[in-house]
Every structure is written in structure tokens, then in C-alpha cells.
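Chain and residue survey
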Amino acid sequence: MTGDATGGRTDASDAAAPLAGLVVVELGHSVAAPYAGQILGDLGAEVIKIEKPEGDDARKWGPPFVDGAAATFQALNRNKHSVVCELRDAAQRERLAQFIVERADVVLQNLRPGQIEALGLGAEALLARKPALVYCNVGAFGAKGPLAGRPGYDPLMQAFGGIMSVVGEEGQEPVRVGPSIIDMGSAMWAVTGIVAALYRRRASGRGGVVDVSLFETAAAWMTMFSAQYLASGTLPRKNGSGQAGIVPYRSFRTADGDLVVAAGNDGLFRKLCGVFGHREWAEEPRFRGNPQRVQNAAAINALIRAEMATRSSADWIAAFDQAGVPCAPVQNVQQMLEHEQMRALALLQAVPGSSVPLIGLPIRFDGERSAPRSGPPRLGEHTRIVLGEGHTK
């Protein structure tokens with residue numbers, strides 16, 4: 001048994017977690033910082049979530065609601081303690097700062113640009129009091145530049161970062177990628193930076209500042225598209241479910257659904273042609289190599305589309321599997337959650353105190369996935385940890 005930041009106890013399985021013993025203070029809301037905090041919590045850290053009296057805005061992002069808060073909030077906030085702190089109150093703010101100095105290894109924040117510094121809880125102020133602290137800013141447009149002071153949200157960055165210019169069908173209105181890939185991607189970069197800074201601290205004894213931002217994450221997701229443009233001078237276009245540099249590599253409508261076929265090299269394309277009974281396609285000059293297929297994508301995709309419509313998805317999956325051609329059905333959320341592969345991986349986990357299971361950390365250590373220690377907290381459930389016994393919310 002070991003101690004934790006709350007003065008409580010943790011069991012042996014907690015102590016074996018990679019980040020056991022670390023204390024993280026999350027001054028976060030919405031998606032990016034909370035998801036980063038949840039990852040750190042899943043890895044064993046004690047995460048203290050600081051909330052305003054009304055709570056994280058994401059608590060109200062519904063319906064649907066479950067266990068007193070929006071399902072979205074519940075999906076991003078397990079393995080945390082909720083502390084309500086009125087940051088405009090100088091006394092409460094100082095209590096929080098003192099808690100950070102005495103207990104915290106990491107501060108993680110994604111408040112509006114400039115707000116955290118105005119409150120005296122920015123990196124410079126806290127590192128002056130505790131040089132070993134690792135302080136992570138999850139910003140909007142980045143720490144420098146003409147837009148550094150502007151707020152940002154996932155759809156804004158999908159637009160500004162160029163992602164919407166390559167998502168959807170050519171000639172149609174811009175389409176947002178459904179999952180919050182900018183927020184969640186920024187969270188993953190934040191965790192990467194935090195863990196790297198903690199590793200560096202082992203040698204130097206000093207912490208430091210980690211800066212990530214939604215815009216930088218959006219730009220990073222455009223790495224391949226940017227390289228294609230810089231190499232060719234041609235703007236990438238929308239390709240629906242396809243990929244600009246690989247053909248065939250997209251979804252096709254079958255007799256009863258949709259199936260993605262990924263013939264990512266010439267050998268796989270020859271196998272695909274064999275399944276269709278058209279081995280001659282692979283010998284046509286238009287389709288012989290991937291560069292030729294990219295140039296003649298409309299022609300080869302039309303031929304494949306006509307074949308795919310003749311049989312069911314299950315028939316095609318069986319045929320492609322036998323030939324060694326990668327493919328996957330387009331599943332909805334229910335189908336994904338109920339698939340035997342999902343069950344085999346035990347990725348959907350029961351969470352203490354939660355009436356619904358939640359998707360767990362997609363990492364295993366030594367063959368085991370960590371089990372959630374606690375469900376998403378009630379608002380202010382652990383306020384006493386920071387503000388003392390007189391404060392319950």
C-alpha cells in the first residue's frame with residue numbers, strides 16, 4: 001500500500017501503474033485538457049480536476065445524460081478527483097497555488113489565452129515557486145504569432161488547419177471529421193510532452209514548460225497532405241473515403257452495405273483483380289503500377305464499383321480474406337462495440353460508479369490493460385482535498 005495526493009491509500013495494482021505516485025492538477029475544461037488528464041489518470045497518476053462552481057461546461061453537453069452529467073463528460077473524466085475552486089477568490093486561488101507547490105508534479109491547463117496568467121497561476125509564477133514542476137499549456141493557435149491570443153475549438157481548427165479542405169466529397173460543402181481529432185490529438189501530444197519532461201526531470205531535477213496547441217495538432221495531421229502539395233504544387237482535393245496517393249484504397253458499396261478495400265501495393269492489387277476474375281486489369285498499362293492507378297483512379301474505381309455491387313459484404317469479406325486482400329466493413333457504433341474483436345480486447349470496461357461501460361485506455365502493459373480505479377467524479381466531490389474540510393463544494 002502507498003500514499004496518494006489526497007492523503008488516502010492506493011492498492012498494489014495502483015502502485016504498479018507506470019505513473020503511480022505522480023500528482024497532476026488539471027485546470028481544464030471541454031475536451032483537450034480533460035482527455036489528457038484522463039490518460040494520465042489511466043496510467044496511474046492522481047489527477048485533481050479543478051472546476052468552476054458551475055462545473056466543466058462539458059457536464060452539460062447533452063443529451064444524452066448519464067449518472068448526472070453528459071455522456072461526453074463521463075467519457076473524458078474517469079480516475080479523477082473534482083475540486084470546485086472559485087479562481088476569482090484570492091484566498092481560494094492561493095490555497096490552490098499552495099497545494100500545487102506542496103503536492104503537484106504536473107499542472108495541465110487549457111483556459112482561454114491569457115486567463116491563467118492573469119490569475120497568477122501561469123507557468124512563470126508557479127515555476128518560480130516550484131522549479132521542479134512540469135507545466136503544460138494546451139493552447140488554441142499556439143504560444144506565439146498574431147493569433148496567439150485567440151480562443152479555439154476543434155471545428156475551428158479543422159477548418160483553419162486545412163483538414164476540411166480534404167474531407168468529404170469534391171464539390172460538396174466542407175465536412176468536419178466526426179470524432180474530436182484536434183482536441184483528442186492535442187491531449188495525446190500533451191501527455192507525450194509531459195512524460196518526456198518528467199523523464200528529463202529525473203536527470204536535471206528541474207521541470208519546465210510544455211506547450212501544445214490545437215492548431216499545431218491540426219497542422220501535424222496534415223503532414224502527408226502538406227508534403228504532397230510542397231512536392232507537386234498541386235492542392236490536395238477531397239477524396240471521400242479514398243486516399244490521394246494510393247488506388248484502390250477506399251469504400252465501395254456492396255449489395256447490402258459498404259466495404260473498405262485497401263490494396264496498398266501492386267501485389268495486393270493483383271490479388272484483388274484475381275478475386276474479381278479480371279487478372280487482365282493488373283496488366284493494363286493504365287493500372288499496372290500505383291502511379292498509373294492514381295492517374296486513372298476514376299476508371300479503375302468504376303470497374304471495381306460495378307463488381308462490388310454484385311455480392312454481399314459478407315461474401316466479399318470471405319473472398320478477400322482468402323486471397324489476402326485487406327478489407328473492413330463500415331460499421332456503426334453499435335456494431336463496433338458488439339464485435340467479437342472488441343470483446344476479445346476487453347477495451348470496453350466497467351467503471352466503478354458508472355452505470356455504463358466506457359472505452360478504456362488503448363494501451364496494454366505486459367499484456368494487461370489497466371482497470372479504471374474510479375468513475376467520473378461528482379462536481380466538487382473532493383473539494384476538501386485542496387480547500388480543507390470546511391469546503392464540500
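1. Here we look at the packing of helix H2 (residues 32-42) against helix H8 (residues 181-204)
Packing of H2 against H8 brings their axes to within 8 Å, and their N-to-C directions diverge by 50 degrees. Between H2 and H8, the interaxial angle falls into the category oblique. For the element pair H2 and H8, the recorded crossing hand is right-handed. On the side of H2, the interface is formed by Ala32, Tyr35, Ala36, Ile39 and Leu40, while H8 contributes Asp183, Met184, Ala187, Met188, Ala190, Val191 and Ile194. Class assignment for the residues of the contact of H2 with H8 results in eleven nonpolar, no polar and one charged.

2. Some details on the nonpolar core
Formed by 38 residues in total, the largest nonpolar core has its most connected members in Leu108 and Ile194. Contributing elements (two or more residues each) for this core: H2, strand E8 (106-109), strand E9 (134-139), H8, strand E10 (208-213) and helix H9 (214-221). For this core, the element with the most residues is H8, which contributes seven residues. Once residues lying within four places of it in the same chain are set aside, the contact partners of Ile194 are Leu40, Val106, Leu108, Val134, Cys136 and Val210.

3. Describing the layout of surface pockets
In this structure, the largest pocket spans a volume of roughly 1100 Å³. Class assignment for the residues of the lining of the largest pocket results in 22 nonpolar, 14 polar and 13 charged. Approximately 870 Å³ is the volume found for the second largest pocket. Forming the walls of the second largest pocket are 28 residues, and the residues nearest its centre are Tyr35, Ala75, Leu76, Met184 and Ile359. Those elements giving two or more residues to the lining of the second largest pocket turn out to be H2, helix H3 (71-76), H8, helix H15 (333-338) and strand E15 (358-359). Among the elements that take part in the lining of the second largest pocket, H3 stands out by supplying five residues, more than any other. Partitioning the lining of the second largest pocket into residue classes produces 21 nonpolar, five polar and two charged.

4. Looking at the packing of H8 against H9
For any two helices packed against each other, the geometry comes down to the angle between their axes and how far apart the axes lie. Where H8 contacts H9, the two axes come as close as 9 Å, and the packing angle between them is 100 degrees. Of the possible angle classes, the one that applies to H8 and H9 is roughly perpendicular. Contacts from Ile181, Ile182, Asp183, Gly185, Ser186 and Trp189 in H8 reach Leu214, Thr217, Ala218 and Trp221 in H9. Classifying every residue of the contact of H8 with H9 gives six nonpolar, three polar and one charged.

5. Remarks on the environment of Trp281
Of note, Trp281 is situated in the loop between helix H11 (266-276) and helix H12 (290-295). Separated by twelve residues in sequence, Trp281 and Phe269 have C-alpha atoms that sit 9.2 Å apart. Excluding residues that lie within four positions of it along the chain, Trp281 makes contacts with Phe269, Cys273, Phe276, Phe287, Ile300, Leu303, Ile304 and Glu307.

6. Some remarks on the sheet that holds strand E12 (residues 258-262)
With antiparallel pairing, three strands are arranged side by side in an open sheet as E11-E12-E13. Where the open sheet ends on each side, the last strands, each with one partner, are strand E11 (249-253) and strand E13 (327-329). Averaged over all neighbouring strand pairs, the angle between strand axes comes to 25 degrees, with direction disregarded. Pairing geometry for E12 and E13, over three bridges, is antiparallel. What sits directly across from Val261, in E13, is Cys327. Each of E12 and E13 touches helix H14 (residues 313-323); the most contacted strand, E12, lies at about 20 degrees to it.

7. Description of the sheet that holds strand E4 (residues 46-51)
The sheet built from six strands is open, its strands ordered E7-E4-E3-E8-E9-E10 with parallel pairing. Single-partner strands in this sheet number two, and they are strand E7 (80-84) and E10. Between one strand and the next, the sheet's axes are offset by a mean angle of 20 degrees, whatever the strand orientation. Alignment of E4 against E7, held across five bridges, turns out to be parallel. Within E7, the position partnered with Ile50 by the bridge is Val83. Those strands touched by helix H4 (residues 90-103) are strand E3 (23-27), E4, E7 and E8, and its axis lies near 150 degrees from that of E3.

8. With respect to the side chain of Glu26
Here Glu26 lies in strand E3. Within polar-contact distance, the side chain of Glu26 engages the side chain of Lys49 at 2.8 Å.

9. Notes on the environment of Leu19
Take Leu19: it is sitting in the loop between helix H1 (12-15) and E3. For Leu19, a relative accessible area of 11% translates into the label buried. Between the C-alpha atom of Leu19 and that of Asp42, which follows or precedes it by 23 residues, the distance is 8.8 Å. Beyond its immediate sequence surroundings of up to four residues, Leu19 is in contact with Leu40, Leu43, Gly44 and Ala45.

10. Details of the pairing of E12
Of the two faces of E12, the one lined by Leu259 and Val261 is fully buried and the one lined by Asp258, Val260 and Ala262 carries no buried residue. Direction of pairing for E11 relative to E12: antiparallel, over a ladder of five bridges. Note on E12: the bridge partner recorded for Arg253 is Asp258. Hairpin connection of E11 to E12: four residues between the antiparallel strands.

11. Some points on the pattern of salt bridges
Throughout the structure, instances matching the rule amount to 14 salt bridges. Note that Glu26 and Lys49 form a salt bridge whose closest N and O atoms lie 2.8 Å from each other. Separated by 23 residues along the polypeptide, Glu26 in strand E3 and Lys49 in strand E4 bring together distant segments of the chain. For the residue pair Glu26 and Lys49, the accessibility class agrees, reading buried in each case. For Arg201, the salt bridge goes to Asp105, with nearest N and O atoms at 3.1 Å. Of this pair, Arg201 sits in helix H8 while Asp105 sits in the loop between H4 and E8, and the two are 96 residues apart along the sequence. For Asp105, a relative accessible area of 15% corresponds to the buried category. In this structure, a network of salt bridges that share partners links the residues Glu26, Lys49, Asp56 and Lys80.

Cut-offs and rules
Residues numbered from 1 in each chain as written. Predicted model: local features only at pLDDT ≥ 70, side-chain atom pairs only at ≥ 80, totals over all residues. Heavy atoms only, no water. Axes fitted to C-alpha atoms, helices over the stretch in contact; angles between N-to-C directions. Helix = DSSP H or I, 4+ residues; strand = E, 2+ residues; numbered from the N terminus. Parallel < 35°, antiparallel > 145°, perpendicular 65-115°, else oblique. Left-handed = near helix turned anticlockwise from the far one by under 90°. Contact = heavy atoms within 4.5 Å. Nonpolar A, V, L, I, M, F, W, Y, C, P; charged D, E, K, R; others polar. Core = buried A, V, L, I, M, F, W, Y, C linked by side-chain atoms within 4.5 Å. Buried < 20%, exposed > 50% of the residue type's maximum accessible area, 1.4 Å probe, protein only. 1 Å grid on protein atoms, 1.4 Å probe; cavity = no way out; pocket = protein on both sides within 12 Å on 5 of 7 lines; lining within 4 Å. Points joined across faces, edges and corners; volume = space filled by probe spheres on them. Pairing = 2+ DSSP bridges. Polar contact = N/O pair within 3.5 Å; in protein donor to acceptor, adjacent residues only side chain to side chain. Salt bridge = Lys/Arg side-chain N within 4 Å of Asp/Glu carboxyl O.

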